[in-house]
2 protein chains.
Amino acid sequence: MYSIQDWRRTHYSKEVVAEMNEQEVVLMGWVHSIRALGKLAFVILRDREGTIQLVVPKQKVSEETFEIAKKLGKEDVVAVKGKVVASEKAPNGFEIIPIEIRVLTKSNAPLPLDPAEKVPADIDTRLDHRFLDIRRPKIQALFKIRAEMLKSVRNTFNDNGFIEVNTPKLVASATEGGTELFPISYFEKEAFLGQSPQLYKQMMMAGGFDRVFEIAQIFRAEEHNTRRHLNEAVSIDMEMSFSDEYDAMDILEKVVYNSYKDIAENRADEIETLGINFEVPDKKFTKLTYSEAVDIANGKGVELEWGEDLSRAAEKAVGDEMGGLYFITEWPTITRPFYTMPYEKDNKICKAFDLMYKELEITSGAQRVHKYDLLVENISKMGMNPEGFGTYLEAFEYGMPPHAGFGLGADRFAMILGQEENIRECVLFPRDRQRLTP
Amino acid sequence: MYSIQDWRRTHYSKEVVAEMNEQEVVLMGWVHSIRALGKLAFVILRDREGTIQLVVPKQKVSEETFEIAKKLGKEDVVAVKGKVVASEKAPNGFEIIPIEIRVLTKSNAPLPLDPAEKVPADIDTRLDHRFLDIRRPKIQALFKIRAEMLKSVRNTFNDNGFIEVNTPKLVASATEGGTELFPISYFEKEAFLGQSPQLYKQMMMAGGFDRVFEIAQIFRAEEHNTRRHLNEAVSIDMEMSFSDEYDAMDILEKVVYNSYKDIAENRADEIETLGINFEVPDKKFTKLTYSEAVDIANGKGVELEWGEDLSRAAEKAVGDEMGGLYFITEWPTITRPFYTMPYEKDNKICKAFDLMYKELEITSGAQRVHKYDLLVENISKMGMNPEGFGTYLEAFEYGMPPHAGFGLGADRFAMILGQEENIRECVLFPRDRQRLTP
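Residues numbered from 1 in each chain as written. Chains lettered and ligands numbered in written order. Predicted model: local features only at pLDDT ≥ 70, side-chain atom pairs only at ≥ 80, totals over all residues. Heavy atoms only, no water.

Examining the overall build of chain A
Then comes step 1: Counting secondary structure elements, chain A contains 12 helices and 16 strands.
Then comes step 2: If one aligns the C-alpha atoms of chain A with their principal axes, the spans along those axes are about 85 × 55 × 40 Å.
Then comes step 3: Buried residues in chain A amount to 60% of all 438 residues.
Then comes step 4: At a minimum sequence separation of 6, the contacts of chain A that also span at least 24 residues come to 66%.
Then comes step 5: Of the roughly 17400 Å² that chain A leaves accessible, carbon and sulfur atoms contribute 46%. (Helix = DSSP H or I, 4+ residues; strand = E, 2+ residues; numbered from the N terminus. Buried < 20%, exposed > 50% of the residue type's maximum accessible area, 1.4 Å probe, protein only. Contact = heavy atoms within 4.5 Å. Areas by Shrake-Rupley, 256 points an atom, 1.4 Å probe, with all protein chains shown as cover.)

Here's the deal with the environment of Ile163 of chain A
Then comes step 1: Checked against the element boundaries, Ile163 of chain A lands in strand β6 (residues 163–164).
Then comes step 2: Relative accessible area serves as the criterion here: at 6%, Ile163 of chain A is assigned to the buried category.
Then comes step 3: Taking the C-alpha atoms as reference points, Ile163 of chain A and Glu214 of chain A, 51 residues apart in sequence, are found 8.6 Å from one another.
Then comes step 4: Ignoring anything within four residues of it in the chain, the contact list for Ile163 of chain A reads Phe209, Arg211, Val212 and Phe213 of chain A together with Arg48, Phe143, Lys144 and Ala147 of chain B.

Looking at the interface of chain B and chain A
Then comes step 1: Opposite the 103 residues of chain B that make contact, chain A presents 104 residues.
Then comes step 2: For the pair chain B and chain A, the summed buried area comes to about 8900 Å², and 59% of that belongs to carbon and sulfur atoms.
Then comes step 3: Where chain B packs against chain A, one counts 10 salt bridges.
Then comes step 4: As a salt-bridge pair, Arg154 of chain B and Glu164 of chain A come within 2.7 Å of each other at their nearest N and O atoms.
Then comes step 5: Counting every contact that joins chain B to chain A gives 56 residue pairs in polar contact (both at pLDDT 80 or more).
Then comes step 6: In terms of residue count, helix α4 (residues 137–159) of chain B provides more of the side of chain B that touches chain A than any other element does, nine residues in total. (Buried area = accessible area lost by both parts, 1.4 Å probe. Salt bridge = Lys/Arg side-chain N within 4 Å of Asp/Glu carboxyl O. Polar contact = N/O pair within 3.5 Å; in protein donor to acceptor, adjacent residues only side chain to side chain.)

A closer look at the sheet that holds strand β14 (residues 349–357) of chain A
All names here are of chain A.
Then comes step 1: A sheet is described by the order of its strands in space; here eight strands give the open sequence β6-β10-β11-β16-β15-β14-β13-β12, paired in mixed fashion. In the strand order of this sheet, the two ends are held by β6 and β12 (286–289), each with one partner.
Then comes step 2: For strand β11 (residues 232–241) and strand β16 (residues 403–409), the ladder comprises seven bridges, and the chain directions are antiparallel. Note that in β16 the partner of Ile236 across the bridge is Leu408. (Pairing = 2+ DSSP bridges.)

Things to note about the domain arrangement of chain A
Residues and elements named next belong to chain A.
Then comes step 1: As assigned here, chain A comprises domain 1 (13–105) and domain 2 (133–426).
Then comes step 2: Of note, the centres of domain 1 and domain 2, computed from C-alpha atoms alone, are 48 Å apart.
Then comes step 3: Every contact between the two is made by six residues of domain 1 and, on the other side, four residues of domain 2.
Then comes step 4: It is Lys14, Arg46 and Arg48 that lose the most area in domain 1 upon contact with domain 2, and together they represent 63% of the buried surface on that side. (Domains from an automatic or database assignment.)

Structural notes on the pairing of β14 of chain A
Residue and element names in this part refer to chain A.
Then comes step 1: Taking burial as the measure, the nine residues of β14 include eight buried ones, the bulk of the element.
Then comes step 2: Where strand β13 (residues 325–332) meets β14, seven bridges bridge the pair, whose relative direction is antiparallel. Bridge pairing in β14 links Pro332 to Ile349.

Focus: the relation of the copies chain B and chain A
Two copies of the chain are present, and they differ by a rotation about an axis and a shift along that axis.
Then comes step 1: If you rotate chain B by 180° and push it 0.0 Å along the axis, it lands on chain A with an RMSD of 0.0 Å. As the rotation angle and translation indicate, the two copies are arranged about a two-fold axis. The rotation axis passes nearest to the C-alpha of Ile184 of chain B in chain B, at a distance of 2.3 Å.
Then comes step 2: A symmetric contact is evident, with 100% of the interface residues of chain B recurring at the interface of chain A. (Least-squares fit on C-alpha atoms with pLDDT ≥ 70 in both.)

Topic: helix α9 (residues 312–322) of chain B
All names here are of chain B.
Then comes step 1: Residues of α9 that are buried include every one of Ala314, Glu315, Ala317, Val318 and Gly319, and no others.
Then comes step 2: Against β12 (286–289), α8 (290–299), β13 (325–332) and β14 (349–357) lie the buried residues of α9.
Then comes step 3: At the exit of α9 stands Gly323, carrying a positive phi of roughly 60°.

Describing the UniProt feature "site: Important for tRNA non-discrimination" (unreviewed entry) in chain A
Then comes step 1: Here, UniProt's "site: Important for tRNA non-discrimination" (unreviewed entry) annotation points to Pro91 of chain A.
Then comes step 2: Along the polypeptide, Pro91 of chain A turns up in the loop between β4 (77–86) and β5 (94–105). (UniProt positions renumbered as here; feature names shortened; annotations may be inferred.)

Considering the packing of aromatic side chains
Then comes step 1: For the structure shown, the criterion picks out 40 aromatic pairs over all chains.
Then comes step 2: Ring geometry for Phe338 of chain A and Tyr339 of chain A: centres 5.2 Å apart, planes at 80°, overall edge-to-face.
Then comes step 3: Here Tyr290 of chain B and Trp306 of chain B contribute two aromatic rings whose centre-to-centre distance is 5.6 Å and whose plane-to-plane angle is 85°, an arrangement assigned as edge-to-face. Of this pair, Tyr290 of chain B sits in helix α8 while Trp306 of chain B sits in the loop between α8 and α9, and the two are 16 residues apart along the sequence.
Then comes step 4: Through a chain of ring-to-ring contacts, the aromatic side chains of Phe338, Tyr339, Phe389, Tyr392 and Phe396 of chain A assemble into a single cluster.
Then comes step 5: When the ring centre of Trp331 of chain B is taken as reference, the NZ or CZ atom of Arg336 of chain B above it lies at 4.8 Å.
Then comes step 6: If you follow Arg433 of chain B out to its NZ or CZ, it ends over the ring of Phe187 of chain A, 4.4 Å from the centre. (Phe/Tyr/Trp six-rings, centres within 6.5 Å; stacked < 30°, edge-to-face > 60°. Lys NZ or Arg CZ within 6 Å of the ring centre and 35° of its normal.)

Observations regarding the sheet that holds strand β15 (residues 360–367) of chain B
Then comes step 1: With mixed pairing, eight strands are arranged side by side in an open sheet as β6-β10-β11-β16-β15-β14-β13-β12 (chain B). Single-partner strands in this sheet number two, and they are β6 (163–164) and β12 of chain B.

Comments concerning the nonpolar core
Then comes step 1: Met149, Phe157, Met238, Tyr260 and Phe406 of chain B are the most contacted members of the largest nonpolar core, which has 47 residues in total.
Then comes step 2: It is helix α6 (residues 245–266) of chain B that provides the largest number of residues to this core, a total of eight residues.
Then comes step 3: Listed in part, the 46 residues of the second largest apolar core include Ala141, Leu142, Phe162 and Phe353 of chain A. (Core = buried A, V, L, I, M, F, W, Y, C linked by side-chain atoms within 4.5 Å.)

So, the environment of Lys70 of chain B
Then comes step 1: Take Lys70 of chain B: it is sitting in helix α1 (residues 63–70).
Then comes step 2: Along the backbone, Lys70 of chain B and Gly38 of chain B are 32 residues apart, and their C-alpha atoms lie at a distance of 9.6 Å.

Description of helix α12 (residues 410–418) of chain A
Then comes step 1: Judged by how many residues are buried, α12 of chain A sits mostly within the fold: nine of nine residues are covered.
Then comes step 2: Gln419 of chain A sits one or two residues past α12 of chain A and shows a positive phi near 55°.

Structural notes on a negative patch on the surface
Then comes step 1: Taken together, the side chains of Glu303, Glu305, Glu308 and Asp309 of chain A define an acidic patch exposed on the protein surface.
Then comes step 2: Here Asp309 of chain A shows up in the loop between α8 (290–299) and α9 (312–322). (Patch = residues over 30% accessible without salt bridge, like charges linked within 9 Å, V, L, I, M, F, W, Y side chains within 5 Å. Lys, Arg positive; Asp, Glu negative; His and termini not counted. Charge placed at Lys NZ, Arg CZ, Asp CG, Glu CD.)

Considerations on the environment of Phe389 of chain B
Then comes step 1: As for its placement among the helices and strands, Phe389 of chain B is situated in the loop between α10 (372–381) and α11 (390–394).
Then comes step 2: Each C-alpha atom of the pair Phe389 of chain B and Ser173 of chain B lies 8.4 Å from the other, and the pair is 216 residues apart in sequence.

Side note on the pattern of salt bridges
Two side chains of opposite charge can pair, provided their charged atoms sit close to one another.
Residues and elements named next belong to chain A.
Then comes step 1: Applying the stated criterion across every chain yields a total of 90 salt bridges over all chains.
Then comes step 2: Glu22 is paired through a salt bridge with Lys83; the nearest N and O atoms lie 3.6 Å apart. Highlighted residues: Glu22 in the segment before β1 (24–36) and Lys83 in strand β4, separated in sequence by 61 residues.
Then comes step 3: Across the pair Glu49 and Lys144 runs a salt bridge, and its minimum N-O distance is 3.9 Å. Highlighted residues: Glu49 in the loop between β2 (40–47) and β3 (50–57) and Lys144 in helix α4 (residues 137–159), separated in sequence by 95 residues.
Then comes step 4: Classification of Lys144 by relative accessible area gives buried; the value is 5%.
Then comes step 5: Each of the salt bridges in this network shares a partner with another, and the network as a whole consists of Lys14, Arg48, Glu49, Lys144, Glu148, Arg267, Asp269 and Glu270.

Re unusual backbone geometry
Then comes step 1: The peptide bond linking Ala109 of chain A to Pro110 of chain A adopts the cis configuration, its omega dihedral lying at -5°.
Then comes step 2: With an omega of -10°, the peptide bond between Thr437 of chain B and Pro438 of chain B qualifies as cis.
Then comes step 3: The phi dihedral of Phe187 of chain A is positive, around 50°, even though this residue is not glycine.
Then comes step 4: Looking at the secondary structure, you find Phe187 of chain A in the loop between β8 (183–186) and β9 (189–193).
Then comes step 5: Backbone geometry places Gln419 of chain B, a non-glycine residue, at a positive phi of 55°.

Below, the structure is given as structure tokens:
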């Protein structure tokens, strides 16, 4: 077996074209399939960018090369030095005739999961052997689209004056309420895993950073068992000062629109691999008030009183009506966290918004309370003790500017972009109630 | 007190210039200082980009505006509509005469920490009130440089064909050995916080992603009490297939060099604020073998046998000799983790490297073992049970390509870029043995 030594890949499979006739190339990847006839072998080599066919005629290659080619097994890792030979009969107008084949690693057989199989195994088997599952071009396409989205989102933030921050995931207390937290033993102390960077983002506003973003893990110990929740997720968070909820929605529209546009432009091959109809949305999304959403749900026979959070049935009814991307604004104050700013004229309604895609919530945001007294009042009203909030509350005493922000679920956004129904399809190693490995 | 309403900032302080004479601007920020004489008040307004002086002459402004200006307190949050008036006497060739001042939030007094103070408080007081500490221009400069570094690093990875991945931070078992882990209660199970994405990055190589990177939190329950360790850190991780340790070092040189270059180009103001001598290094860094490092240390009177890890004293001796950025290569196999590839010709030495800055290690990397049998042997040799490695080991059975990678400490890299001595200066909310808040 060879080490990599002095060979380096000169081209990915999809970079080789007929115009390179007679040129020598070095290709590296996996044996996707092998067909050995008497005096001829065909090997499909797979790398990250696609597949390419090697043609190995006994008369035209060395005896050693022919022997190696014949004995190749599925998913062996190989490096091939070969010559591009233009050929009108070949699928892409050329074939590769190997000069030398080096087997870098042999694969065991049978495979627990075959990347070349057209019909995939069930999701649990696939996740158990995720390293084999992600060799499938469709799965790689999903994760390339996800990576393109993350890149695009950061570009939009950077282009709009946001500074990237890293806030701690180990926190001392369960301050935000509502969501269950995972406890950790932190030396002699008890600590928790952060359920969101919310309080830290707000402290950054008191710190004068003006506009910040963070893309990082959040952890929620909720006992869900659905296709759209995980216990560890990646959240795209931002906060901006001297701004209201409409400013935050403007940025969110840019973030989402640019992601679609960049994927359409830079990941056209992956969209084709997925076989989806990928449409870039309009730059502005429809805004629906919560009250209008309730009316739509009621009109479709879903029982819901003003002031209740939207049930799954209500989300479904509204999603069916609206389709695509739309905002729900002007939520009842009682349905939102303590840090959400109520309207001055009617404090039963607050400056919160959700961004929905059909029936799925992908972002939650709001103008926040920046007034100390109101914040303390809200915390107390929710049955929590303001004294537990430490420096967070102190940040409101010494010059907190008005501010707004949102948290966009990266995994859910990836689901929508890839048009997948199960969030586990868009997360490499999902964590749920049952699954903690691999 | 005003809400933000229809006013929006038109300019940051540093965007206003004398050429804008007679133009109306809206500025927003904090009262950095206030000096009220009889019929004249001077207010220094501070925002993220700097400070700007408002001149408030009683005769030229409304009575209300003059009264508001006189009563401003330090760190009040204000929005100011004003006119730019070119003036040869003024520091930057202009002054701002307010038309209207809106106080958005009053600050309490006295401040636990004054952002306008020249002499900063001790680090613990500063971290306790971090939101006030980060209002100081020097502190903001450090974090803007850090954000620029993160942006630059991602650009380098993207430009070199790396795909961004997110790997889980909740892991089932303590597989990597050596480092202490934080335990979590994960529903009925015990889980741990990931100490590095190492095993996941390698599974991505088996998955054919070819080149991946991740910038995310890592957690280590080590009982350090130093100026260069934290228990929660941000790690810049990459892994590349069909590559050896020299390929990984090439990418690392690009990552580090480009960060310096981008900061020099885009953060010149912040470098000036810090008052540091910021030099972009050469594109290639000196490579020193471990044996040469031992000789240097011995030559300076530090006792160290070949095969021992470098002690602090040895690192200091070598750092003094080398200065700046340099690699240490060809480490004794025994000093490195089980997944490090030994040399074929002499397996007592392995294909590992560290990137050092003077006496500080900022990156650890290597070509990895990609051969199943050797990996199992190494795991056993270190007294661990291969059966505990589950899918990780399985990934080596079905076609693992040769690969290499590194982990670069983002917080340490930020320290070096900002020329700080304590890692806590470059982390917004550090986590150490003692500190879990804010």
